[in-house]
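Chain residues, written in single-letter form:
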Amino acid sequence: MALERVDKLLASTGRWSRREIKDLIRQGRVWAAGRPVARPEEKWDPAEVELQVDGQGVDCAPHVYVMLHKPAGLVSATQDSRQATVLSLLPEHLQRRGLFPVGRLDKDTTGLLLLTDDGPLAHALLSPRKHVDKVYYARVDGALDRTDVEALAAGMVLEDGLHCLPAGLEVLGDGSECRVTLREGKYHQVKRMLAARGKPVVALHRLSMGPLALDGGLAPGNWRFLTERETAQLKSLGGCP
Ligand code: URA
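Not measured: the values here are computed from a predicted model.

Procedures and definitions
Residues numbered from 1 in each chain as written. Predicted model: local features only at pLDDT ≥ 70, side-chain atom pairs only at ≥ 80, totals over all residues. Heavy atoms only, no water. Helix = DSSP H or I, 4+ residues; strand = E, 2+ residues; numbered from the N terminus. Buried < 20%, exposed > 50% of the residue type's maximum accessible area, 1.4 Å probe, protein only. Contact = heavy atoms within 4.5 Å. Areas by Shrake-Rupley, 256 points an atom, 1.4 Å probe, with all protein chains shown as cover. Near = heavy atom within 4 Å. Polar contact = N/O pair within 3.5 Å; in protein donor to acceptor, adjacent residues only side chain to side chain. Nonpolar A, V, L, I, M, F, W, Y, C, P; charged D, E, K, R; others polar. Domains from an automatic or database assignment. Core = buried A, V, L, I, M, F, W, Y, C linked by side-chain atoms within 4.5 Å. Buried area = accessible area lost by both parts, 1.4 Å probe. Salt bridge = Lys/Arg side-chain N within 4 Å of Asp/Glu carboxyl O. Phe/Tyr/Trp six-rings, centres within 6.5 Å; stacked < 30°, edge-to-face > 60°.

Our focus in this paragraph is the overall build of the protein chain. The number of helices and strands found in the protein chain is seven helices and 15 strands. Structurally, the protein chain occupies a C-alpha span of about 70 × 35 × 30 Å along its principal axes. By residue count, 45% of the 241 residues in the protein chain fall in the buried class. Considering only contacts within the protein chain whose residues lie at least 6 apart along the sequence, 64% involve residues at least 24 apart. Counting only carbon and sulfur atoms, one obtains 50% of the accessible surface of the protein chain, whose full area is about 12400 Å².

Here is the structure:
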């Protein structure tokens, strides 16, 4: 989001008329960043700062897009009765917005996780028809070679009959490391494909999803909002306005 006038932001929620908003501000009942808003023309970025009316947070941004460096040990779910979820890493006002992860990473997988409350965009990015590349770095037990590259490129059929789309495999170093590029996101897919090649995964990390690459400045467990450019790139990929 960009900077926007406070009266416009509050009006966009449909809860108050412009007249009422003017009065609320004059009465010192609208706050941002720990102080009362002085004028209706004051500008804030609602993705960065929570506006409050009478001490209650007001959701103004139509949607929020968060890049998280998922650490190991958290589940990619919005709720879990026994285990901590990735949402626990976000501040409360974002947790209350109903953000959800766009696709899942296993509990022990680290790396790029996108969270949003934009259902249509999430749906579009996950649709196999959109063919959004997901790139993973993996370390395996064993040494990958050309035959593995060819098998993934041909599209593997796993033991349980699961047909995988052709996938990219770039072998790194001595063969115990690689980059895998998937165009779909089936359950435990990277682990299952490489295990089927006799090279079980010992560490897995997502590097990118479409045009969105994990920000190297984000330590595990840290997050930031997507930039306007990143959001626009994802929307254009998903065919969303
Ligand atoms: N493939 C896996 O096996 N696990 C993940 O978390 C993501 C892709």
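After presenting the structure, the write-up continues.
This brings us to the site of the ligand. The environment of the ligand is made up of L105, D106, T109, Y136, H188, Q189, V190, K191 and L204. Take V190: an N or O atom from its main chain is 3.1 Å from a nitrogen atom of the ligand. Look at the ligand: alone it shows 240 Å² of surface, and the protein chains cover 95% of it. The dominant element in the shell around the ligand, judged by the number of residues it contributes, is helix α6 (residues 189–196), at three residues. Tallied by class, residues from the shell around the ligand come to four nonpolar, three polar and two charged. Both domains that meet at the shell around the ligand, namely domain 2 (65–128 + 211–238) and domain 3 (133–209), each give it at least three residues.

Among the nonpolar cores identified, the biggest contains 34 residues, and V66, L152, V180, V190, M193 and L194 are the most heavily contacted of them. Broken down by secondary-structure element, the contributors of at least two residues to this core are β7 (65–70), β9 (110–116), β10 (134–140), β12 (177–182), α6 and β13 (201–209). Residues from two domains meet in this core; each of domain 2 (65–128 + 211–238) and domain 3 (133–209) gives at least three. Every residue in contact with L194, bar those within four places of it in the chain, is listed here: A138, V140, L144, L152, C178, V180, K199, P200 and V201. Core analysis: the second largest hydrophobic core is formed by 16 residues, V30, V49, L51 and V58 among them.

This paragraph deals with the domain arrangement of the protein chain. Interfaces are often described in size by the accessible area the parts lose on coming together. Assigned domains of the protein chain: these are domain 1 (4–58), domain 2 (65–128 + 211–238) and domain 3 (133–209). The straight-line distance from the C-alpha centre of domain 2 to that of domain 3 is 22 Å. Contact with domain 2, which involves 16 residues of that partner, is made by eleven residues of domain 3. Of the roughly 1100 Å² buried between domain 2 and domain 3 on both sides combined, carbon and sulfur atoms contribute 46%. Put simply, domain 2 and domain 3 have two salt bridges between them.

Here the focus is the pattern of salt bridges. Throughout the structure, instances matching the rule amount to 19 salt bridges. For the salt bridge of D133 with R183, the shortest nitrogen-to-oxygen distance reads 3.3 Å. Residue D133 is found in the loop between α4 (119–126) and β10, and its partner R183 is found in the loop between β12 and α6; the two are separated by 50 residues along the sequence. Take R183: its relative accessible area is 37%, and that puts it in the partly exposed class.

Another point: the packing of aromatic side chains. Per the stated rule, a full pass over the model turns up one aromatic pair. Each ring, one from W223 and one from F225, has its centre 5.1 Å from the other, and the planes form 90 degrees; the classification is edge-to-face. Note on F225: relative accessible area 14%, which makes it buried.

Here we take up the environment of T181. Its place among the elements puts T181 in strand β12. Given the relative accessible area of 23%, T181 is considered partly exposed. Taking the C-alpha atoms as reference points, T181 and P166, 15 residues apart in sequence, are found 9.2 Å from one another.

Regarding α6, the residues found buried are Q189, V190, K191, M193 and L194. Looking at the buried side of α6, the elements it contacts are β10, α5 (146–154), β12 and β13. One or two residues past the end of α6 sits G198, with phi positive at roughly 80 degrees.

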